[in-house]
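# Chains, contacts and geometry: an overview
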Amino acid sequence: MDSYLRPNMTFNVLDDLIISVRKTWDDVGFIPTPLAISTTLLALLLPFITLFVFALTQRETPLPPPAGCHKIGLRGRSNLSDQYAKKHASGGEPTASNPWTVKALFIYPLKSCAPVELEKSDVIQTGLRYDRQFTFAQQVTSLPNLDGQVTSEWVFSTQRTFPRLAKVEAEVWVPDPSSSHYDPESEWVKSEGCLAVRFPFTPDSDFTLQGLKNCGKMLAAKLAGRPEPMLEFRVPFNPTKEKIERMRYTKEKVKIWNDYPVALNMGSEVPYEIMAKLKYTLGVTNPLTLFRIDTEGYREVYKNAPKKQDVGFQTIIGMQDSYPLHIMNLASVHHISSNLPSGSPPLSVLRYRPNIIVTGPPPFSEDSWTKARIGGRTYHISCRTTRCKLPNVDPDIGIADRNQPGSTMLKYRVIDQGSKSACLGMQVSVLEEGEVGVGDGVEVLDTGEHLFLKK
Ligand SMILES: *[C@@H]1O[C@H](CO)[C@@H](O)[C@H](O)[C@H]1NC(C)=O
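Under an unreviewed UniProt entry, the protein chain has the name MOSC domain-containing protein and belongs to Lentithecium fluviatile CBS 122367.

This paragraph deals with the domain arrangement of the protein chain. When cut into domains, the protein chain gives domain 1 (2-32) and domain 2 (69-193 + 237-447). Put simply, the middle of domain 1 and the middle of domain 2, counted by C-alpha atoms, are 57 Å apart.

On to the site of the ligand, then. Lining the immediate environment of the ligand, one finds Leu-74, Arg-75, Gly-76, Arg-77, Asn-79, Glu-119 and Val-438. Contact distances for the ligand include 2.7 Å between an oxygen atom and a backbone N or O atom of Arg-77. When the ligand is considered free in solution it has 360 Å² of accessible area, and contact with the protein chains removes 49% of it. Of the residues contributing to the shell around the ligand, the split by class is 2 nonpolar, 2 polar and 3 charged.

UniProt records the feature "domain: MOSC" (unreviewed entry) at residues 288-445, using the numbering of this structure. Within the segment residues 288-445, helix and strand shares are 13% and 34% respectively, and the terminal C-alpha atoms sit 44 Å apart.

With that settled, consider the UniProt feature "transmembrane region" (unreviewed entry) in the protein chain. The positions that UniProt labels "transmembrane region" (unreviewed entry) are, in the present scheme, residues 35-56. A distance of 29 Å separates the end C-alpha atoms of residues 35-56, which is 100% helix and 0% strand.

There is a patch of nonpolar side chains on the surface, built from Leu-42, Leu-46, Ile-49 and Val-53 and spanning about 350 Å² of accessible area. Among the structural elements, Ile-49 can be located in helix 3 (residues 34-57).

Reading the values: rules and limits
Residues numbered from 1 in each chain as written. Predicted model: local features only at pLDDT ≥ 70, side-chain atom pairs only at ≥ 80, totals over all residues. Heavy atoms only, no water. Domains from an automatic or database assignment. Near = heavy atom within 4 Å. Polar contact = N/O pair within 3.5 Å; in protein donor to acceptor, adjacent residues only side chain to side chain. Areas by Shrake-Rupley, 256 points an atom, 1.4 Å probe, with all protein chains shown as cover. Nonpolar A, V, L, I, M, F, W, Y, C, P; charged D, E, K, R; others polar. UniProt positions renumbered as here; feature names shortened; annotations may be inferred. Helix = DSSP H or I, 4+ residues; strand = E, 2+ residues; numbered from the N terminus. Patch = residues over 30% accessible without salt bridge, like charges linked within 9 Å, V, L, I, M, F, W, Y side chains within 5 Å. Salt bridge = Lys/Arg side-chain N within 4 Å of Asp/Glu carboxyl O.

Listed below in structure tokens is the structure:
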């Protein structure tokens, strides 16, 4: 079996082939010319070459970019590319040699799916612009009651139950008046751009023509450095009233934890066959759909949020779990990482799905922050983030570990009085709208107690 896995297998086969051809010619007393050798080789290799070329023709042709729009996101190396470096592990008082700064910024336009990294972002009441606007939801039907009646509800999808969501990519394309195809009347421009959703799908490969084509698709994906071929669909980012009516999107309740916001069910926008393949990839058996938060129906946050009588407004969110923003201190993640069982790979901060990642403060200094200035704006640090099992999902592969880092965190991060959950990171409400960018300074304005309040 081993030799099948050797990368230089082709060369061994080629060597063997040349030797056996020569041997046959020797036996019949034929003196091979170089031309004879290469002609014979070519004839023998032709079927493989044909297959290879066929594979290349099966490559997915990517959809053309949405007209008049550009994709948001960092171009170039991630600002987290050195996140495991020792210098980020310790931190200390803010000084000229240890500035407290924003290290990286991330949004998750489609809840529980892959992040989009940014270098700067608008901050609006609901958090970073474009963050958590959409969520997948599955329809869950109850067992019949005594009268034989069943009820069903849409329940948001999360990596906690469907870890493969980590492999679903969500791109945001926004209208760009400087683009040569820009047309204010075009579909995407009128809808504030579009959300492009891409997910891996491995098709069947059997001994039919379609199976052969599928083999070609997979080979082409591998040659392009992808473990699996990707499928894509697009939906308007913020559909117009006219579009909502034409596509018959419905406004329905969707359950997010203990909250039931009324949101826009945009399932009719996703072709049936694509949805079926997405369900297969995720391992969802119930009906699945895509919801968008209703921009006129943002969810109000009361628990631990700034009080309306103090600040003049109520904190609101889109499809977030509970608060507009989530901040993490890189040194704290290093601390957890250093306490994992020996031999564990280093822990990526991305497991915790933060929006703003800061460096400079010592580990867990953020536990007591209550108000901070980041860039030029002030933020209310509302409470600590209690941790469920989601950080056990490795975002690179979309597979959940049974224990880690959850077990390690339970050992020393159960710090909210009255709670049995571990905490890491801070939940933040916006006090002033504005901008935030990588490299911005972080200044703590107030510290204090944080209370655990039951939902
Ligand atoms: C963040 O990443 C971008 C893109 O690679 C780079 O241009 C920028 O300098 C980085 N910022 C910092 C503060 O490292």
